[in-house]
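Reading the structure
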Amino acid sequence: MDGRGGLEGARLTRLAAVLAAVLATCSAAVDCSFGPAAGPSLRGQKLEVAAVWSGVEQRHFELVLRAFTRQTGVSVTYISAGYGVPAFLDARLAAGRPPDVAFLPQPGLLRGYAAEHRLVPLNGIAGHVVADNYSPAWRRLGSVGNTLYGVWFKAANKSLIWYNEGVFERAGVAPPSGVDGLVSLASRLARSGMPAFAVGGGNGWTLADWFSNLYLRLAGPARYDLLAAHKIPWTDPSVIATLRLLARVLDPHVIAGGSRGAVATGYQQSVRQAFATPPDAAMVFEGDFVAGIIGGATRAVLGVDAGVFPFPALGRLGPAVVAGGDAAVLMRRSAAGEALIRYLASPQAAAIWAAAGGFVSPNLNLGLAVYPDAISRSIAASLLEAGDGFRFSLSDLTPAGFGGTEGQGMRKILRQFLVSRDAGAAAARLEQAAGKAYPT
């Protein structure tokens with residue numbers, strides 16, 4: 001067995017130990033604060049759960065569901081909706097067959113479904129568990145007014161750039177602290193024959209995250225909030241300036257496959273490109289969940305072959321974090337569904353996926369020691385330390401028809417922009433699409 005095989009074996013052993021500890025704690029006589037213990041009331045009941053996760057992330061989430069089944073006797077079927085969660089749920093709702101529990105990747109989507117009375121209010125079901133385990137900022141993101149509708153099981157720090165340690169060492173370069181330094185680094189790598197960035201532009205949300213990070217740093221949090229609420233237009237000079245900066249950072253010459261190659265590359269494929277043997281690019285931008293793809297779909301080892309640095313600063317603004325996440329909502333009420341919601345709000349559930357890697361929890365009572373490596377622990381700590389100072393990606397805060405649906409709105413327009421590089425035309429299309437999506 002080589003060194004990587006030993007590391008993988010150690011990771012699995014650690015994960016098994018964490019899972020065993022959670023199950024031992026959540027014995028049949030103890031409910032772990034998430035609901036009734038296994039018994040006639042739940043045993044044999046069935047639930048259907050839908051979320052975005054597939055591949056490695058799906059396998060890790062299914063470990064969480066398996067622990068719930070062992071504790072309660074509830075049979076859970078998981079469905080991956082891919083990156084089209086709104087379209088999947090709308091089709092199921094139209095057919096009168098919503099899943100029991102769904103994970104919504106955007107606060108805007110949660111607000112929309114709540115307004116349509118598609119979600120079960122959770123105040124009396126999980127309000128006390130959420131109050132015990134989550135900060136006010138995350139509770140507000142899961143609520144509409146004073147009514148709780150969602151439990152943010154999974155969070156994401158989307159202000160990270162992952163890099164191939166070997167490529168950086170051979171090129172004699174180091175992570176930059178500013179955006180100008182990032183542009184210079186990308187040009188230097190490209191001149192050496194190595195594309196700087198693998199870009200998963202085939203999934204438009206990755207480009208929306210690029211834009212959100214640059215806009216937050218260029219325009220500041222107050223203007224960011226105004227744009228998210230459509231209180232300033234998408235033709236505002238700050239938007240055009242950010243689009244021009246995005247075109248400068250993602251110059252076709254520094255992207256693996258150029259702009260057209262990027263819009264044909266999916267997110268997971270982009271991660272594999274940066275950490276393949278040999279690599280196709282030096283860096284890939286995205287959230288902490290990249291670690292799960294590195295560990296599950298490449299031979300790279302975090303901290304050895306793969307490093308990470310914060311999204312570079314711009315100007316005099318302080319550190320900024322763009323966040324994301326997935327909120328569990330109850331779409332069909334049942335005792336089993338209520339128990340699953342309470343379980344997902346517990347640190348015991350979060351610990352299972354956290355130990356597997358590629359996961360960050362906003363649960364305040366999940367100890368950092370459960371994360372499998374120093375990189376994961378530092379990312380989790382930075383998100384918790386941000387307190388109320390983070391911002392969700394703009395695609396998550398806007399109406400789902402504008403920001404949260406693949407193939408339309410912001411995601412479609414930014415994919416087109418990556419190729420056309422016409423900031424003025426892209427801003428006009430963004431404003432037109434936003435005008436149709438926001439309620440009047």
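Calculation rules
Residues numbered from 1 in each chain as written. Predicted model: local features only at pLDDT ≥ 70, side-chain atom pairs only at ≥ 80, totals over all residues. Heavy atoms only, no water. Helix = DSSP H or I, 4+ residues; strand = E, 2+ residues; numbered from the N terminus. Buried < 20%, exposed > 50% of the residue type's maximum accessible area, 1.4 Å probe, protein only. Expected span 1.5 Å × (residues − 1). Phe/Tyr/Trp six-rings, centres within 6.5 Å; stacked < 30°, edge-to-face > 60°. Lys NZ or Arg CZ within 6 Å of the ring centre and 35° of its normal. Pairing = 2+ DSSP bridges. Axes fitted to C-alpha atoms, helices over the stretch in contact; angles between N-to-C directions. Left-handed = near helix turned anticlockwise from the far one by under 90°. Contact = heavy atoms within 4.5 Å. Nonpolar A, V, L, I, M, F, W, Y, C, P; charged D, E, K, R; others polar.

**Some words on unusual backbone geometry**
The step from T277 to P278 runs through a cis peptide bond, and the omega angle for that step is 0°. Here P278 shows up in the loop between α13 (267-274) and β9 (283-285). One non-glycine residue, H117, lies in the positive phi region at around 60°. With respect to the secondary-structure elements, H117 resides in the loop between α4 (107-115) and α5 (123-133). Here H117 falls in the exposed class, since its relative accessible area comes to 72%. Not every positive phi belongs to a glycine, and H230 is a case in point at roughly 60°. Along the chain, H230 falls in the loop between α10 (221-228) and α11 (237-249). Here H230 falls in the partly exposed class, since its relative accessible area comes to 21%.

**Brief notes about helix α2 (residues 55-72)**
Helix length check: α2 (18 residues) gives 26 Å between terminal C-alpha atoms against 26 Å at 1.5 Å per residue, within 8%. Taken together, the buried positions of α2 are occupied by V56, E57, H60, F61, L63, V64, L65, A67, F68, Q71 and T72.

**Focus on the packing of aromatic side chains**
Counted by the stated rule, this structure contains 32 aromatic pairs. The rings of W53, F61, Y78, F103, F153, W353 and F359 are connected pair by pair, giving a single aromatic cluster. Above the face of the W353 ring, K154 is positioned so that its terminal group lies 5.4 Å from the ring centre.

**Examining the sheet that holds strand β8 (residues 197-198)**
The strand order across the open sheet built from 4 strands is β8-β9-β7-β10, with neighbouring strands paired in mixed fashion. The sheet terminates laterally at β8 and β10 (306-310), the two strands that pair on one side only. Where β8 and β9 come together, 2 bridges link them in parallel fashion. Among the inter-strand pairings, F197 is bridged to a residue of β9, identified as M283.

**Regarding the packing of α2 against helix α16 (residues 347-356)**
Axis angle and axis distance: for two packed helices, these are the angle between their axes and the distance between the axes, and together they describe the pair. Orientation of α2 relative to α16, taken along the N-to-C sense of each, is 150°, at an axis distance of 9 Å. The two elements α2 and α16 meet at a crossing, and its hand is right-handed. Here α2 contributes E57, H60, F61, L63, V64 and A67 to the contact with α16, which in turn contributes A349, I352, W353 and A356. Among the residues forming the contact of α2 with α16, the class breakdown is 8 nonpolar, 1 polar and 1 charged.

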